[in-house]
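# Fold and geometry: a report
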There are 2 protein chains.
Amino acid sequence: MFIHVANPRFLVTFANFMKLPIVSEESFPASRKIMVQDGELEVPAREVSLGGGEPPLRVYDTSGPQGFEPTAGLPKLRAPWIARRVARGDANFSQMHYARRGELTEEMRFVAIRENVAPELVRDEIARGRAIIPANRNHQELEPMIIGRNFLVKINANIGNSAVTSTIAEEVEKMRWATQWGADTVMDLSTGKNIHETREWIIRNSPVPIGTVPIYQCLEKVKGKAEDLNIDVFLETLIEQAEQGVDYFTIHAGVLLRYIPLTARRMTGIVSRGGSIMAKWCLAHHKESFLYTEFERICEVMKKYDVSFSLGDGLRPGSIADANDAAQFAELETLGELTKVAWKHDVQVMIEGPGHVPMHKIKENMDKQLEICHEAPFYTLGPLVTDIAPGYDHITSGIGAAMIGWFGTAMLCYVTPKEHLGLPNKDDVKTGVITYKIAAHAADLAKGHPGAIERDNALSKARFEFRWQDQFNLSLDPTTAKDFHDETLPADAAKNAHFCSMCGPNFCSMKLTEDVRKIAAEGMQEKAKEFRDKGGEIYQPASEPTA
Amino acid sequence: MFIHVANPRFLVTFANFMKLPIVSEESFPASRKIMVQDGELEVPAREVSLGGGEPPLRVYDTSGPQGFEPTAGLPKLRAPWIARRVARGDANFSQMHYARRGELTEEMRFVAIRENVAPELVRDEIARGRAIIPANRNHQELEPMIIGRNFLVKINANIGNSAVTSTIAEEVEKMRWATQWGADTVMDLSTGKNIHETREWIIRNSPVPIGTVPIYQCLEKVKGKAEDLNIDVFLETLIEQAEQGVDYFTIHAGVLLRYIPLTARRMTGIVSRGGSIMAKWCLAHHKESFLYTEFERICEVMKKYDVSFSLGDGLRPGSIADANDAAQFAELETLGELTKVAWKHDVQVMIEGPGHVPMHKIKENMDKQLEICHEAPFYTLGPLVTDIAPGYDHITSGIGAAMIGWFGTAMLCYVTPKEHLGLPNKDDVKTGVITYKIAAHAADLAKGHPGAIERDNALSKARFEFRWQDQFNLSLDPTTAKDFHDETLPADAAKNAHFCSMCGPNFCSMKLTEDVRKIAAEGMQEKAKEFRDKGGEIYQPASEPTA
């Protein structure tokens with residue numbers, strides 16, 4: 001096993017002998033899917049083939065098995081693993097439970113290969129609650145992944161229809177599209193008709209963990225009357241969704257009665273849907289919500305299926321003006337308290353974070369979360385660093401996401417250009433995913449994640465050597481890069497040209513640098529020293545104006 | 001004067017009696033241009049009219065006088081100011097020269113109104129070299145603006161044709177387009193035919209400072225042979241361009257012979273066009289470049305016209321791998337040395353910065369620049385925080401730009417989606433400008449610039465109160481915001497709806513918050529206290545699982 005991780009190249013060679021699924025050609029023309037072998041495990045990766053005698057570059061792949069009919073769903077990779085656990089009569093299926101017993105599950109070993117780390121590190125991080133593997137026993141199509149700040153920063157893509165628009169087929173296609181471009185998890189936020197059916201189709205076709213906000217379906221069940229919600233309809237809904245295979249639930253159990261007045265004088269009040277639903281319930285009944293008072297009953301359901309908590313920040317700020325306020329941090333204290341309760345049951349937990357935060361207030365969010373929530377993984381929505389650019393909130397939030405990812409956030413929930421304005425279409429989903437892949441990778445670079453810089457270097461080298469096709473193929477979106485280049489230099493010959501339309505031949509700095517290198521190689525070092533000895537450091541009298 | 005600044009509303013009322021130019025309706029449907037009065041000065045601003053009984057919001061405006069034929073050019077606002085200085089026989093026209101003599105020029109007073117600060121602050125910042133007003137005495141169409149870290153963060157848009165593509169008319173239109181969306185300065189980087197004529201058209205029609213890289217035209221004059229360049233052709237070109245009215249020159253005088261070998265083992269060598277041209281010259285002649293040795297002769301030209309130095313970073317990194325390396329910081333030392341020389345002549349200076357820098361290495365750039373270059377304004381290109389997303393480098397660089405702006409960079413040079421791939425078209429220019437307006441404003445917010453948060457608050461309030469039209473009109477790109485909303489809810493009625501397509505009526509958190517506020521108003525405070533007294537802080541035994 002260790003040898004495998006230490007010699008990834010060998011694994012590829014070995015994998016070459018096998019029949020391999022193909023990564024969607026439309027997105028990555030020069031890539032192929034490879035399967036890294038570890039005993040009975042086959043872990044997917046994408047390999048970008050390069051020119052100029054460069055070895056192929058292997059990158060993390062979330063696209064899942066290709067070419068299966070949505071009606072058929074994906075193969076059930078995890079079926080045999082789960083069957084063994086059922087056969088031996090396990091009661092708590094949580095990865096945290098197994099980790100704390102010192103067991104190395106298939107999911108942990110799978111993730112270790114994906115992240116190129118030792119499986120023991122995966123197990124230990126999960127055992128101490130610093131990372132989670134969202135993997136419902138009933139989502140057997142899942143290719144396991146890990147969320148924790150000592151691993152690659154992950155991104156989530158939200159999809160889901162609403163009362164107003166979109167169909168099941170559209171949502172399944174959005175999920176497939178999002179994972180093809182690199183989404184690590186997908187949340188189904190459907191609030192319209194056919195919530196159950198839509199979710200079923202999405203899970204059966206998803207190679208990544210699926211998250212939901214169960215309170216949405218509960219509200220449909222009580223005909224939109226928040227005050228009619230109760231623990232029974234909630235638990236029934238949790239079980240219904242857990243049976244389908246949802247991997248993590250966003251639950252807004254931290255909205256306490258006494259916190260609600262803290263939002264009254266806010267610029268934008270409560271902007272979390274779940275948060276405002278629970279706030280309304282609390283006020284209507286004037287008591288703490290059943291999500292808080294019955295939290296341990298919820299834990300009982302979670303561990304039976306290994307559904308992970310994504311403790312929702314129902315009181316997150318909805319504007320720059322409300323960032324880091326009393327309501328937000330009061331709720332965080334309660335989320336920290338509930339984290340301990342969940343861990344008592346060996347239930348996996350991550351914590352949701354804002355939202356809208358100006359740059360100088362971002363780090364405080366990360367520091368407080370790590371301290372108050374005992375290092376449980378942080379999962380933030382952006383944050384947006386300004387509110388003045390609706391239509392461009394993938395960018396306003398991508399800035400905050402990159403920064404908070406660097407500071408330690410484990411997963412970044414994407415924001416699309418349609419945020420605050422409408423539901424994302426396929427193009428918006430792609431733009432959101434690519435923007436957040438940028439933010440997550442920039443964070444990995446800043447954290448000095450081993451191997452993160454490999455891809456930057458491969459692309460920079462290709463750029464410097466005018467290997468245009470390699471530059472396109474190594475990018476997050478090869479077709480767009482190539483199309484942009486074609487706009488000004490469509491000829492195929494230009495793809496080998498030692499200049500581009502930006503400067504033209506005479507002005508190409510990279511071309512000029514070739515000369516510089518040649519001459520530099522010829523003993524510049526000595527001559528430079530000679531010059532220094534002459535005192536070149538100082539501004540020379542010789543260069544005073546002559547007139 | 002001070003009263004005017006202290007009572008801006010009065011000024012608007014006053015301005016209302018005048019005939020006012022109209023801001024382009026295509027971009028800002030609910031805005032109008034206003035002129036703020038101060039004695040004989042008329043300073044432009046844009047006023048966004050709002051609904052819901054809200055007062056109009058005034059924003060900084062760079063669009064310049066509207067509706068003039070490119071062939072006619074803009075009115076010469078500064079003609080009388082300059083005439084007075086010529087009449088009294090001034091020899092040094094630099095704003096720094098006047099500032100150091102304690103003089104408050106029209107440009108300083110104009111800028112003070114624009115930035116809503118005291119003119120004395122403007123003068124003092126210029127006198128100590130911490131800010132510049134790029135304003136060539138021959139660019140009399142200019143509406144003066146200031147670049148310094150104690151003022152609003154500015155953005156620059158690059159345009160210019162190359163040997164490969166685009167026409168004069170296109171470039172003039174790109175300039176007009178860029179300033180309409182908010183570009184504070186524009187650089188003409190033309191390297192193709194008709195450089196002189198293209199520049200003439202751009203300057204005569206530009207309300208913002210124009211910058212150039214004179215060495216490009218010099219290289220054309222010596223038929224592309226870098227080694228044939230010399231101080232005479234350079235000075236002749238400076239005078240030619242200064243006569244036309246160029247406001248700042250990028251000059252790569254910091255590329256010293258002994259620094260060149262430091263780039264030999266780089267991933268991407270020298271990526272600055274000017275830098276590589278000068279490096280080639282240095283190697284060909286094996287001596288220091290005439291830009292460095294004849295620097296004071298260059299200063300003589302600069303002060304005669306008041307052209308500001310933008311000391312170019314010819315050895316900036318071209319990839320994440322090369323960030324913050326020896327070559328880059330060695331050149332910075334020389335730029336600091338040259339800054340002192342320029343200041344000896346009262347010539348205004350800003351310093352150019354990278355480029356490509358991972359997030360964790362950005363702050364070091366800012367700190368070193370402030371220290372080594374004696375707080376002269378920093379003017380950075382991005383920086384890009386990763387190299388893996390060609391086609392999206394407005395985003396990879398927007399992240400770095402926002403951060404370095406927060407740290408103290410005075411002006412951010414935009415990067416368009418076409419960076420590294422081709423020349424930007426009109427759409428790319430707009431995307432680049434909007435992205436950088438986001439970065440600059442996010443930086444102003446993080447720096448706590450007084451008034452920066454006004455616009456965020458106005459938009460957030462409009463959002464919370466479902467004033468959709470106001471939300472669109474307050475954004476950086478109203479038409480795009482409106483079009484996105486129309487995609488899912490085209491009906492005009494939806495523009496007043498108290499929900500949107502994202503959640504639909506039942507799930508609208510903002511709608512739910514209205515109820516929360518009502519109930520909260522009814523003495524929630526007391527009840528909350530009562531609850532706290534009951535010890536609500538602690539996780540309740542009552543909430544243990546019943547089964």
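Residues numbered from 1 in each chain as written. Chains lettered and ligands numbered in written order. Predicted model: local features only at pLDDT ≥ 70, side-chain atom pairs only at ≥ 80, totals over all residues. Heavy atoms only, no water.

### A word on the overall build of chain A
Convention followed: The way it works is that DSSP assigns letters per residue, a run of H or I at least four long becomes a helix, a run of E at least two long becomes a strand, and they are numbered from the N terminus. The classification of residues rests on relative accessible area computed with a 1.4 Å probe and restricted to protein chains. Under 20% of the type maximum is buried, over 50% is exposed, and intermediate values are partly exposed. Only heavy atoms enter the contact rule, under which two residues are in contact if any of them lie within 4.5 Å.
Within chain A one finds 22 helices and 13 strands. When the 547 residues of chain A are sorted by exposure, 67% land in the buried category. Nonlocal contacts in chain A, meaning residues at least 24 apart in sequence, comprise 71% of its contacts between residues at least 6 apart.

### Details of the pairing of strand β1 (residues 31-38) of chain A
All names here are of chain A. Rules: Think of it this way: DSSP has to see at least two bridges between two strands before they count as a pair.
Counting buried positions along β1 yields seven of eight residues, so the element is predominantly enclosed. Bridging between β1 and strand β2 (residues 41-48) involves eight bridges; their strand directions are antiparallel. Each residue of the ladder has a partner; that of aspartate 38, found in β2, is leucine 41. Adjacent in sequence and paired antiparallel, β1 and β2 are bridged by two residues, among which glycine 39 carries a positive phi angle near 60 degrees.

### Here we look at the environment of glycine 224 of chain A
All names here are of chain A. Residue position: glycine 224 is located in the loop between α9 (214-221) and α10 (231-244). Of the residues examined, glycine 224 reaches a relative accessible area of 26% and is grouped as partly exposed. On a C-alpha basis, the gap between glycine 224 and isoleucine 277 in space is 9.6 Å, while along the polypeptide they are 53 residues apart.

### Description of the pattern of salt bridges
Residue and element names in this part refer to chain A. Stated formally: Note on definitions: salt bridges are taken to be side-chain nitrogens of Lys or Arg within 4 Å of carboxyl oxygens of Asp or Glu.
Under the criterion given, the structure shown has 88 salt bridges over all chains. Of the charged contacts, one joins arginine 266 and aspartate 325 as a salt bridge, the two residues approaching to 2.7 Å between their closest N and O atoms. Remark: aspartate 325 occurs in the loop between β10 (308-311) and α14 (326-344) and arginine 266 occurs in the loop between β9 (248-251) and α11 (273-285); sequence separation between them is 59 residues. Here arginine 266 matches aspartate 325 in class, with each residue buried. With a shortest N-O distance of 2.9 Å, glutamate 465 and lysine 461 are connected by a salt bridge. Through salt bridges with shared partners, a single network forms among Glu54, Lys461, Glu465, Arg467 and Asp470.

### Some remarks on unusual backbone geometry
A cis amide bond, omega -5 degrees, links proline 354 of chain A with the succeeding residue glycine 355 of chain A. By the element assignment, glycine 355 of chain A lies in the loop between β11 (349-353) and α15 (362-372). With an omega of 10 degrees, the peptide bond running from glycine 382 of chain B to proline 383 of chain B counts as cis. The residue proline 383 of chain B is located in the loop between β12 (378-381) and α16 (393-407) in this model. Here lysine 223 of chain A, not a glycine, exhibits a phi torsion of approximately 55 degrees, which is positive. Take lysine 223 of chain A: it is sitting in the loop between α9 and α10. One non-glycine residue, histidine 286 of chain A, lies in the positive phi region at around 45 degrees. Of the residues examined, histidine 286 of chain A reaches a relative accessible area of 26% and is grouped as partly exposed.

### Focus on the side chain of threonine 198 of chain B
Residues and elements named next belong to chain B. For the record, the criterion: Counting of polar contacts relies on pairs of N or O atoms within 3.5 Å, with two restrictions inside protein: one atom must be capable of donating a hydrogen and the other of accepting it, and residues adjacent in sequence are counted only when both atoms are side-chain atoms.
Mapped onto the elements of the fold, threonine 198 is located in helix α8 (residues 195-204). Assessed through its relative accessible area of 0%, threonine 198 is described here as buried. Engagement of the side chain of threonine 198 in a polar contact is seen with the backbone oxygen of asparagine 194, the distance being 2.7 Å.

### Here's the deal with the packing of aromatic side chains
Residue and element names in this part refer to chain A. Spelled out, the test is: In this analysis, rings of Phe, Tyr and Trp, with Trp reduced to its six-membered ring, are considered paired at centre separations within 6.5 Å, and the interplanar angle assigns stacked below 30 degrees, edge-to-face beyond 60, and tilted for intermediate values.
Tallied over the full model, the rule gives 18 aromatic pairs over all chains. Pairing phenylalanine 234 with phenylalanine 290 gives two aromatic rings, centres 6.0 Å apart and planes at 55 degrees, and the pair type is tilted. Of this pair, phenylalanine 234 sits in helix α10 while phenylalanine 290 sits in helix α12 (residues 290-293), placing them 56 residues apart in sequence. Look at phenylalanine 290 and you get buried, because its relative accessible area is 5%. An angle of 85 degrees between the planes, with centres 5.2 Å apart, marks the rings of tryptophan 281 and phenylalanine 290 as edge-to-face. Through a chain of ring-to-ring contacts, the aromatic side chains of Phe28, Trp177 and Trp181 assemble into a single cluster.

### Describing the sheet that holds strand β7 (residues 185-188) of chain B
All names here are of chain B. As a reminder, the rule being used: Where helices are involved, their axes are fitted lines through C-alpha atoms of the stretch in contact, as for all axes, and angles between N-to-C directions lie from 0 to 180°.
The strand order β6-β7-β8-β9-β10-β11-β12-β13 describes a closed barrel built from eight strands, whose pairing is parallel. Each neighbouring strand pair of the sheet contributes to a mean axis angle of 25 degrees, computed without reference to strand direction. Sheet topology places β12 next to strand β13 (residues 411-413); three bridges connect them, and they run parallel. Bridge pairing in β13 places threonine 380 opposite leucine 412. In the packing of helix α7 (residues 168-181) onto the sheet, the strands contacted are β6 (154-159) and β7, and the crossing angle to β6 comes to about 165 degrees.

### Some thoughts on the confidence of the model for chain A
All names here are of chain A. Stated precisely, the cut-off is as follows: Every residue carries a pLDDT, the predictor's confidence in it, which falls somewhere between 0 and 100.
The share of residues in chain A with pLDDT of 70 or more is 86%, and the mean pLDDT across the chain is 88. Low pLDDT, under 50, characterises residues 1-22; the stretch is placed with 33 contacts to residues that sit more than four places away or in other chains. Predicted confidence for residues 535-547 stays below pLDDT 50, and this span has 22 contacts to residues more than four positions away or in other chains. Predicted complex metrics record ipTM = 0.91 and pTM = 0.91.

### Describing the sheet that holds β11 of chain A
Note: strands within a sheet are paired through backbone hydrogen bonds, in either parallel or antiparallel orientation. Residues and elements named next belong to chain A. Here we have eight strands rolled up into a closed barrel, ordered β6-β7-β8-β9-β10-β11-β12-β13, and parallel in their pairing. When the angles between neighbouring strand axes are averaged without regard to direction, this sheet yields 25 degrees. Both β9 and β10 contribute to a ladder of four bridges, which runs parallel. When the bridges of β10 are listed, threonine 250 appears paired with serine 310. In the packing of helix α17 (residues 426-446) onto the sheet, the strands contacted are β6 (154-159) and β13 (411-413), and the crossing angle to β6 comes to about 160 degrees.

### Notes on the packing of helix α3 (residues 79-87) of chain A against helix α5 (residues 106-115) of chain A
Residue and element names in this part refer to chain A. For clarity, the threshold we go by: Any angle from 65 to 115 degrees is called roughly perpendicular, while one under 35 is roughly parallel, one over 145 is roughly antiparallel, and all others are oblique. Residue polarity is assigned by list, with Asp, Glu, Lys and Arg as charged and Ala, Val, Leu, Ile, Met, Phe, Trp, Tyr, Cys and Pro as nonpolar; anything else, Gly included, falls into the polar class.
Between α3 and α5, the shortest axis-to-axis distance is 10 Å and the interhelical angle comes to 150 degrees. It follows from the interaxial angle that α3 and α5 lie roughly antiparallel. Residues Trp81, Ile82, Arg84 and Arg85 of α3 form the contact with α5, whose participating residues are Glu106, Glu107 and Phe110. Here the contact of α3 with α5 is built from residues that sort into three nonpolar, no polar and four charged.

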